[in-house]
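If you want the building blocks of each chain, they are given just below.
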Amino acid sequence: IQGLFDKVLDIKECHLQPEPSNSIKNAVRQYAHEHNLQFFDLREQKGFLRNIVIRNSLEGKVMVIVVFFHDDDEKRTGLLDFLSFKFSQITSLMYVINSKRNDSLNDQDPILYKGENHLVEEMNGLKFRIGPKSFYQTNTKQALELYRIARDFAALTGKEIVYDLYSGTGTIANFVAASAARVIGIEYVKEAVKDAKINSEINGILNTHFFAGDMKDVLTSSFFDSNGKPDVIITDPPRAGMHEDVIKIIAAAAPDKIVYISCNPSTQSRDIQLFSGDYFVKEVQPVDMFPHTHHVENVV
């Protein structure tokens, strides 16, 4: 419920994901009631079933990650076996024991119970491997439009060194690689960087290089000396936008062009203001990734 961090609604149908997402969610709820599995209370920090993550690919494969607050081998195995038996569409069944005070899975290790440890999504003839902790745009079909616009704005000729900042699983880096001389991707989540390298390999892309670490620590003048100064920078930061130190080092590197993709136009506007001494805005194109909401992705 908006404005309340510890209240949840009992929703029978979510319209954002295709089946079997709702059926899985409803089956877990029913199983929990029938087998007396306690739901997690965030305020009291007690309970057993914490949350469930369901991811799907366009070809109909499904990843399910069940998050438990503490381990109970018998109860955990019972629920996971139930899901595996009831839903043959689940191609990747995983679980996490998260006993922290917050729900973030970035510092947790998902454990594979059955199936594969990833999904594969296809976009524009390229295959992308998506792990349980790897970011991938939720609206896959519109993501293709988003990346096409970013590539068009970059206007690459095949000679450029391109930096893809906050590169995730290397979707953008691999998407533009055929139009660039070399692409350098930088991402904080180590598992995503591993996936990015695999995504280049499975697509036969040889001119990408990926690095893991905090952007403000990785992106230094010595890094540019080692990997080449960027001709074009494509940046797709999280909602908080870019750290001011990152903006300063980008401006100091003086790329010919910056393409800034944002899911939060207000922090994007703030960051663009900080660039205004060195750069001017040439084109803006919002993309409706989240229909029927006020949210947009914006490419500048």
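Being a predicted model, the structure only gives us computed values, none of them experimental.

What counts as what
- Residue numbering note: each chain is counted from 1, following its sequence as written.
- Note on the predicted model: pLDDT of at least 70 is required for a residue's local features to be given, and 80 or more for side-chain atom pairs to be given and counted; whole-chain, interface and lining totals, by contrast, use all residues.
- Each side-chain value is derived from all of the structure's non-hydrogen atoms; neither hydrogens nor water enter the calculation.
- Put simply, DSSP marks the helices as runs of H or I at least four residues long and the strands as runs of E at least two long, and each gets a number from the N terminus on.
- C-alpha atoms define the radius of gyration in this analysis, and the globule rule sets the expected value at 2.2 Å times the number of residues to the power 0.38.
- The buried label goes to any residue with under 20% of its type's maximum accessible area, the exposed label to any with over 50%, and the partly exposed label to all in between, with areas taken from a 1.4 Å probe on protein chains only.
- Residue contacts are defined here by distance: any two heavy atoms, one from each residue, within 4.5 Å place the two residues in contact.
- Only the protein chains shown count as cover for residues, and all accessible areas are computed by the Shrake-Rupley method using a 1.4 Å probe.
- Under this rule, positive means Lys or Arg and negative means Asp or Glu; His and the chain ends count for nothing.
- Here the site of a charge means NZ on Lys, CZ on Arg, CG on Asp, or CD on Glu.
- Here is the rule: rings of Phe, Tyr and Trp (six-membered ring for Trp) pair when centre to centre is within 6.5 Å. Planes less than 30 degrees apart are stacked, more than 60 are edge-to-face, and the remainder are tilted.
- Both a distance and an angle decide whether a charge sits over a ring: NZ of Lys or CZ of Arg must be within 6 Å of the ring centre and within 35 degrees of the ring normal.
- Criterion for a disulfide: a pair of cysteine sulfur atoms within 2.5 Å.
- As used here, the arc is the angular range of directions from the helix axis to the C-beta atoms.
- The pairing criterion for strands is at least two bridges between them, as found by DSSP.
- Axis geometry follows a simple rule: fit a line to the C-alpha atoms, using only the stretch in contact for helices, then measure angles between N-to-C directions, giving values from 0 to 180 degrees.

Participant: Help me out: how do you make sense of the overall build of the protein in this one?
Facilitator: Scanning the protein from N- to C-terminus turns up 9 helices and 13 strands. Here the C-alpha radius of gyration of the protein, 21 Å, is about what a compact globule of 300 residues would show, namely 19 Å. Overall size of the protein, expressed as C-alpha extent along the three principal axes, is 60 × 40 × 35 Å. Burial analysis of the protein (300 residues in total) assigns 48% to the buried set. Restricting the contact set of the protein to residue pairs at least 6 apart, pairs at least 24 apart contribute 62%. Carbon and sulfur atoms form 52% of the exposed surface of the protein, whose accessible area is close to 15700 Å². The averaged location of the 40 negative side-chain charges in the protein is 2 Å from the averaged location of its 33 positive side-chain charges.

Participant: Where do I start with the packing of aromatic side chains in this structure?
Facilitator: Tallied over the entire structure, the rule returns 11 aromatic pairs. When the centroid spacing of 5.5 Å and the interplanar angle of 55° are considered together, the rings of Tyr163 and Phe224 count as tilted. Of this pair, Tyr163 sits in strand β7 (residues 161-165) while Phe224 sits in helix α7 (residues 221-227), and the two are 61 residues apart along the sequence. Residue classification places Phe224 among the buried positions, given a relative accessible area of 3%. Ring pairs connect the aromatic residues Phe48, Phe68, Tyr95 and Tyr113, which therefore count as one cluster. One residue, Lys86, lies across the ring of Phe87, its end atom 5.9 Å from the ring centre.

Participant: Looking at this structure, I do not really get the state of the cysteines. What am I missing?
Facilitator: By definition, a disulfide is the covalent link that joins the sulfur atoms of two cysteine residues. For the structure on display, the rule yields 0 disulfides. Residue Cys14 stays outside any disulfide, its sulfur separated by 19 Å from that of Cys263, the closest cysteine.

Participant: Can you walk me through helix α8 (residues 244-253) in this structure?
Facilitator: For an α-helix, the turn length of 3.6 residues means that residues three or four places apart are oriented alike. Looking at α8, one finds that the buried residues are Val246, Ile247, Ile249, Ile250 and Ala253. End-on, the buried residues of α8 take up no more than an arc of 165°, which puts them together on one face. Facing away from the buried side of α8, by more than 90 degrees, are the exposed residues Lys248 and Ala252.

Participant: How should I be thinking about the sheet that holds strand β3 (residues 90-97) in this particular structure?
Facilitator: Backbone hydrogen bonds hold the strands of a sheet together, and the pairing may be parallel or antiparallel. What the 4 strands build is an open sheet, ordered β1-β2-β3-β4; its pairing is mixed. Looking at the sheet topology across the chains shown, the edges are occupied by β1 (49-56) and β4 (111-115). Shown here is a sheet whose adjacent strand axes are inclined to one another by a mean of 15°, direction ignored. In this sheet, strand β2 (residues 62-68) lies alongside β1 in antiparallel orientation, the contact comprising 7 bridges. Bridged to Arg55 within β2 is Met63. Against the sheet, helix α1 (residues 21-34) contacts β1, β2 and β3, and its axis sits at roughly 160° relative to β1.

Participant: What is the right way to look at the pairing of β2 in this model?
Facilitator: For a regular strand, side chains alternate in direction, first toward one face of the sheet and then toward the other. In terms of burial, β2 is a largely internal element, 7 of the 7 residues being buried. Burial of the side chains of β2 extends over both faces: Val62, Val64, Val66 and Phe68 are buried on one face and Met63, Ile65 and Val67 on the other. Count of turn residues in the β1/β2 antiparallel hairpin: 5 residues, of which Gly60 carries a positive phi of about 95°. Across 7 bridges, the pairing between β2 and β3 is parallel.

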